Structures are given as C-alpha cells and as structure tokens.
Amino acid sequence: MSEDTSRATSQACDQVFASLGSAPDFALVFFSPHHIDHAADISRVARERFGEVPILGVSAQGVIAGGAEIERAPAVSMFAGSLPGVRLSVFTDDDLPVVENASEAGEQWTPRMGLGSDSRCSILLSDPTSVPMMTLLPWFGAAASSVRAVGGSSGSSSGSSSGHPAPCIVGGMASASTRPGTNVIMLNDRIRHHGLVGLTISGRVHVDTVLSQGCKPFGPTMVVTKSHRNLIFELGGHPALEVMQEVVHQLNEADRQSLQQGMFVGMVIDEHKPRFGRNDFLMRALLGADPERKAVAVADFPKVGQTVRLHMRDARTAEEDLALLMDAQKLYDPPLGSLLITCNGRGERLFARPHCDAGAVQRAFAPLKGESISAAGRVVDPATDAPIPQAGFFAAGEIGPISGRSFLHGHTACCVLFREDASPVLL
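> Which residues make up the overall build of the chain, and what values go with them?
Counting secondary structure elements, the chain contains 9 helices and 24 strands. A compact globule built from 427 residues would reach a C-alpha radius of gyration of about 22 Å, and the chain, at 21 Å, matches this within 12%. Based on the C-alpha atoms only, the size of the chain along its principal axes is roughly 65 × 55 × 45 Å. Counting over 427 residues, the chain shows a buried share of 55%. The contacts in the chain between residues at least 6 apart in sequence include a share of 80% that link residues at least 24 apart. For the chain, the accessible surface area stands at approximately 18,300 Å², while carbon and sulfur atoms represent 52% of it. For the chain, the centre of its 36 positive side-chain charges and the centre of its 45 negative side-chain charges are spaced 3 Å apart.

> I'd like to hear about the confidence of the model for the chain, residue by residue, with values.
Residues at a pLDDT of 70 or more form 91% of the chain, whose mean pLDDT is 90. Ignoring residues within four places in sequence, the model shows residues 369–380, a span with pLDDT below 50, making 13 contacts including any to other chains.

> Before we move on, can you summarise the packing of helix α1 (residues 5–20) against helix α2 (residues 39–50) with the specific residues and values?
Across the interface, α1 lies against α2 with an axial gap of 9 Å and an inter-helix angle of 35°. Seen from above, α1 lies across α2 with right-handed handedness. On α2, the residues that touch T5, S6, T9, S10, C13, D14, V16 and F17 of α1 are D41, I42, R44, V45, A46, R49 and F50. Class assignment for the residues of the contact of α1 with α2 results in 7 nonpolar, 4 polar and 4 charged.

> Explain the sheet that holds strand β21 (residues 390–395) to me, and be specific about the residues and the numbers.
Note: strands within a sheet are paired through backbone hydrogen bonds, in either parallel or antiparallel orientation. Ordered in space as β4-β3-β21-β20-β24-β12, the 6 strands form an open sheet in which the pairing is mixed. In the strand order of this sheet, the two ends are held by β4 (68–71) and β12 (206–212), each with one partner. This sheet shows a mean twist of 15° between the axes of neighbouring strands, independent of strand direction. Of the strand pairs in this sheet, strand β20 (residues 337–343) and strand β24 (residues 413–419) are connected by 6 bridges, and their pairing is antiparallel.

> Help me get a handle on the side chain of Q362, residues and values and all.
Structurally, Q362 can be placed in helix α9 (residues 356–364). The class for Q362 is buried, based on a relative accessible area of 5%. Among the polar contacts listed, one links the side chain of Q362 to the backbone nitrogen of I388, at a separation of 3.2 Å. The contacts of Q362, once residues within four sequence positions are left out, are G66, G67, A386, P387, I388 and Q390.

> Explain the pattern of salt bridges to me, using residue names and the numbers behind them.
Side-chain pairing between opposite charges can occur once the charged atoms of the two side chains come close. For the structure on display, the rule yields 21 salt bridges. D94 serves as the salt-bridge partner of R190, at 3.7 Å between the closest nitrogen and oxygen. Here R190, found in strand β10 (residues 190–192), pairs with D94, found in the loop between β6 (86–92) and α3 (102–112); they are 96 residues apart in sequence, far enough to count as distant. We classify R190 as partly exposed; its relative accessible area is 36%.

> I'd love a proper account of the sheet that holds strand β22 (residues 398–402), names of residues and values included.
Pairing in this open sheet of 6 strands is mixed, and the strands run β6-β11-β7-β8-β22-β23 from one edge to the other. What marks the edges here is a single partner per strand, and that holds for β6 and β23 (405–409). Strand-to-strand twist across the sheet, computed as the mean angle between neighbouring axes with direction ignored, equals 20°. Summarising the sheet, strand β7 (residues 119–126) and strand β8 (residues 168–173) pair through 6 bridges and their orientation is parallel. Each bridged residue has a counterpart across the sheet, and for L124 the counterpart in β8 is G171. Along the sheet, helix α4 (residues 133–145) contacts β6, β7, β8, β11 (196–203), β22 and β23; its crossing angle with β23, the most-contacted strand, is approximately 160°.

> Tell me about the pairing of strand β14 (residues 231–235), and name the residues and values.
Across the 5 residues of β14, 4 count as buried, placing the element largely inside the fold. When strand β13 (residues 216–228) meets β14, the two strands line up antiparallel, connected through 4 bridges. Each bridged residue has a counterpart across the sheet, and for H228 the counterpart in β14 is L231. Hairpin remark: β13 followed by β14, antiparallel, with 2 residues in the connecting loop; positive phi at R229, about 50°. Across 2 bridges, β14 lies against strand β18 (residues 295–298) in antiparallel orientation. Bridging from a neighbouring strand, L231 pairs with A297 of β18. Pairing geometry for β14 and strand β15 (residues 238–239), over 2 bridges, is antiparallel. Along β15, the bridge assignment pairs E234 with P239. Following β14, the chain reverses through 2 residues before pairing antiparallel with β15; G236 in that reversal takes a positive phi of roughly 60°.

> Describe the side chain of T92, and please don't skip the residues or the numbers.
The topology assignment puts T92 in strand β6. By relative accessible area, which is 0% here, T92 ends up buried. Among the polar contacts listed, one links the side chain of T92 to the backbone nitrogen of D94, at a separation of 3.1 Å. Sequence-distant contacts of T92, defined by excluding residues within four places in its chain, comprise L187, R190, R192, L196 and V197.

> Describe helix α7 (residues 315–329), with residues and values.
Compared with the 21 Å implied by 1.5 Å per residue over 15 residues, the 22 Å span of α7 between its first and last C-alpha is a close match. For α7, the full list of buried residues reads T317, A318, D321, L322, L325, M326 and Q329. All buried residues of α7 fall inside an arc of 160° around its axis, so they share one side. The inward-facing, buried residues of α7 abut β12, β13, α8 (347–351), α9 and β24.

> For unusual backbone geometry, give the residues involved together with the corresponding values.
What you tend to see is this: most non-glycine residues have negative phi, and most peptide bonds are trans. Its identity as a non-glycine residue notwithstanding, A352 has a phi of 60°, on the positive side. Owing to a relative accessible area of 67%, A352 belongs among the exposed residues under this scheme. Even without glycine at this site, H355 takes up a positive phi of about 65°.

Reading the values: the criteria
- Residues numbered from 1 in each chain as written.
- Predicted model: local features only at pLDDT ≥ 70, side-chain atom pairs only at ≥ 80, totals over all residues.
- Heavy atoms only, no water.
- Helix = DSSP H or I, 4+ residues; strand = E, 2+ residues; numbered from the N terminus.
- Rg over C-alpha atoms; globule rule 2.2 N^0.38 Å.
- Buried < 20%, exposed > 50% of the residue type's maximum accessible area, 1.4 Å probe, protein only.
- Contact = heavy atoms within 4.5 Å.
- Areas by Shrake-Rupley, 256 points an atom, 1.4 Å probe, with all protein chains shown as cover.
- Lys, Arg positive; Asp, Glu negative; His and termini not counted.
- Charge placed at Lys NZ, Arg CZ, Asp CG, Glu CD.
- pLDDT = per-residue confidence, 0-100.
- Axes fitted to C-alpha atoms, helices over the stretch in contact; angles between N-to-C directions.
- Left-handed = near helix turned anticlockwise from the far one by under 90°.
- Nonpolar A, V, L, I, M, F, W, Y, C, P; charged D, E, K, R; others polar.
- Pairing = 2+ DSSP bridges.
- Polar contact = N/O pair within 3.5 Å; in protein donor to acceptor, adjacent residues only side chain to side chain.
- Salt bridge = Lys/Arg side-chain N within 4 Å of Asp/Glu carboxyl O.
- Expected span 1.5 Å × (residues − 1).
- Arc of directions from axis to C-beta.

Spelled out as structure tokens, the structure:
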C-alpha cells in the first residue's frame, strides 16, 4: 500500500515469488488511481522481475489482495500463476478484425484470441468509455462457442466437473476514472488509455466461476407480452406499470425500504428450463416509468415471450447470496487461486464494513469456521493470512456467465476459481 509505484509493484512481486517459489507464467496487475500517472513503472518493474511473460493490467477504484479489499488508498495487487501444461494467449482489441455480426466474430476472432479445443477461459480487462462491451460480449461468446472444451472448465457457478461446451468469458471494466482517456489498460510494456486487453488460458487447468448478483426475488414470474427496445408495455397481457405497482403494494414495509436501493427486473436466460432458480435470471435495473403509456424502462432489451420476475437488492441479501454460492464450492477441492472482480458499488459503500466479498470467498476455504482463523492473541491480516491466494479489483462493470452465456453486470461479484485439472490426458 505504498504511494511509491515502483516500491509497491516490487513488494507485490516479492509476494508472488514467496508464494510460487519462482517467476510466474503470467501476471494480472490491478492498481489504484494513485498509480495511474506512473503506470509505466508498474510494467517496467514487473517485467524486470518476471521476465518476458504476459503481464496485463487495469486501473481500478480499489483492489483486492488476499482477503483484503483496499478502497480509497494507494495499492498494487497481482494475480499471478505458474501453470505447467497451460498455454497462454494475449490479445488486444487491435488484434480483432472488424466484423459485422456474431457469426463473423466466431470465425475471425477465435484464432486471434488463441481459443482452441482445450481453452478454459478468456479474461477481458477493458476501458468502459471506449469499448461497447455489452454489444461485443455476444461476439466474444460466439468466438468461445466455436470451440468445444475437452473437460476442465465448468464455466458456471455450480463447481461441476462435468465440463462445459465452451470456455467462459470473464473480466471487468476499469473503474479508476469515469472520464475518457484517463484509465489505464496495460499489456506488457504497452500503456493504453482506451480499448481492451485479453488473456486466454488453455490446457491442464480447471476453471469454475461463481457469479453473485445479490438479489432477492419477489412477486410472481411474468411473461412479457408487449415490448419495444428497452420498454415493457405489457406483462401477461396487462399494463406493465400497473402490474408492477400491484406487486410492490403487496410487500411489507421492510421490503419496501429495501427498494430504495433500486428495483431490478430479472430476465430469464434459458426459457427451456422447467423451473427457474437464482442462477437463471439476468438482473437489469428498472430505469423508470412512462405513466401515460403505463410502460416501464429496463436497462436491456426484453423480448416478447421472455419470462421476468422483480428483484430487490440490499446489503444483507447481497452478502447472503455470495456466502450461499461459496458454500457450494466447499464440496470441491480448494482452488489454487481465486480471481475476484466485484462492483465498485459494493465494498464499504454497500456493506458499511470492509472486506465483505473478499472475506466471503476466503471463509469458504478457511481451515476453521468463524470470522478469525488466528491463534489466540494473534492479529489477522486479511491480505496475508488468506487460506487461498486471491487478487482482483473493483470494476465499473463485471463480466461473467449465467447459464453458460457471459454478460456485462452491475453490482455483481464474479469469482473465478482455478483448480488442478484431474481429467485424463488424451493421447
């Protein structure tokens, strides 16, 4: 947490060497706004210490190190790995040909992203002011779907070892600044203030994702029967605004207070499922209403025939949701490391206390239950006493999968867990 960029980077490199015992095969670097003007020093020091390995970086409002969330303070954090039998491919938006649709992206972007039959995930770090990520994500998904992974990646929040038909697309948007040209996106010695960088990981590693949208459903599921662009005019054949007002009217006072944090429309991703659970809805903010047309505006484009359900978000729901999802990960071997990308609207802003999301991931793999794993009288440092290696950042938009498809989220925590690959070697 030094304000000296070179010193902070060197300290982070020291911790990587201490953990791995050697130089890593790759490194992701996350740094606070305090270090933006000296981002070239981050690249220089990391390359001097690690050699010619892929080094990607992004500026962020806050960073995550171990079980600590460092907000509003100078910090440099690294997620690095030594992965024998793994192939790494890096790319930027400049490497991706201009295409007109997802089909063309599936054909032309796949080789440029380094995607193959053994690919497990692609990590995207992007500038929100220059990259239309919501538009591009289906194209990245098409590129990933054009290959079929051979075991080793579930790409879902289940932790299943059954494999997934495509590598998952994960990542996040730079959050250090909202002004164009003032964030940093780094690839090796290239310091950029726009665009995106990506890293595709292929080979003998198992990748699971846990995506917590932190919302609680209320009211019945409903079907969109009339819509245009981001406006919903009818739900179940009735005026959408009237339907939603009736659902809210039936809430108790405590739940109505929770709606002050915002109301969300959960949009079902896979309509073919017989029933819908927490991981089947994509949360989109309710933007407003048109009383004259009795319509509501949503931060997406709901389609006629799509099933939706109203949701609310508050600190307690968000905390319980991530804890529940991480509990399921206890059924599997502890991961080699965790990459945590959480929204810059979470952290102390939402929970009113530090280290909530980072701590939830760590507690899932702690050797002892409870808030503290220390011996009596010993002070626990969440950054260095974490049960598993973890790093990440607070993003201005989180990228992660629901029902096998990646979306750009808000107010979400996306945890990417790397485990040993136990699948047989195919000869």
